[in-house]
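Residue strings, one per chain:
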Amino acid sequence: MAIALILIVEDEMIVRLVAEMTLQGQGYKTLSAGDVDEALLLLRSPQHIDALFTDIYLKTAPLGGCTLAKQAMELRPDLRVLYTTGNAATAHMKSLFVESAHFLPKPYSDEQLRDSMQGLLAA
């Protein structure tokens, strides 16, 4: 089985780096972006990306992770999506989720991220 490539979109650099290290430590390859525009550039590239792990609230685009996931699914219909946020997941927010997306609330442990990503990719 090929090693999965995960795109991490997180505007907090430390959180993004920890997520990268955690996922790389589990054998995944990672790409990372600090905002929606960076992420879309990567999503438009020819490389295969298996999953998008995105914060919902990004400083430059509130609810930007939801918008990004919808655009990402248009570009890559087979992409798996794992959302995260430190805010409460409201009904309105969940209504913006792409179909079959998973959700991991912050703060999360390395183990919770690992388990969530494994479950997402196995689904």
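None of these values were measured; they are calculated from a predicted model.

(A) Spotlight on the environment of His48. Position of His48 relative to the elements: it lies in the loop between α2 (36–43) and β3 (51–55). Through-space distance from the C-alpha of His48 to that of Ser116 is 20 Å; in sequence the pair is 68 residues apart. Each residue touching His48, except ones within four places of it in the same chain, is listed here: Leu5 and Arg76.

(B) Local environment of α2. Listed as buried for α2 are Val36, Ala39, Leu40 and Leu43. Down the axis of α2, the sector holding all buried residues measures 100°, keeping them to one side. The outward face of α2, more than 90 degrees from its buried face, is lined by the exposed residues Asp37 and Leu41. The secondary structure elements touched by the buried residues of α2 are β1 (5–9), β2 (29–33) and α3 (64–75). If you check the start of α2, you find a side-chain oxygen 3.2 Å away from the backbone N of Asp37, and it comes from Asp35.

(C) The sheet that holds β3, seen in detail. Taken together, the 5 strands give an open sheet; going across it, the order is β2-β1-β3-β4-β5, and neighbouring strands pair in parallel fashion. A single partner strand is all that each edge strand has here, and the edge strands are β2 and β5 (102–105). With direction set aside, neighbouring strand axes in the sheet form an average angle of 20°. As judged from the 4 bridges shared by strand β4 (residues 80–85) and β5, these two strands associate in the parallel manner. Each bridged residue has a counterpart across the sheet, and for Tyr83 the counterpart in β5 is Phe103. Contacts between helix α1 (residues 13–25) and the sheet are confined to β1, β2 and β3, with β2 contributing the most and set at about 170° to the helix.

Here is what the cut-offs are and how they apply
Residues numbered from 1 in each chain as written. Predicted model: local features only at pLDDT ≥ 70, side-chain atom pairs only at ≥ 80, totals over all residues. Heavy atoms only, no water. Helix = DSSP H or I, 4+ residues; strand = E, 2+ residues; numbered from the N terminus. Contact = heavy atoms within 4.5 Å. Buried < 20%, exposed > 50% of the residue type's maximum accessible area, 1.4 Å probe, protein only. Arc of directions from axis to C-beta. Polar contact = N/O pair within 3.5 Å; in protein donor to acceptor, adjacent residues only side chain to side chain. Pairing = 2+ DSSP bridges. Axes fitted to C-alpha atoms, helices over the stretch in contact; angles between N-to-C directions.

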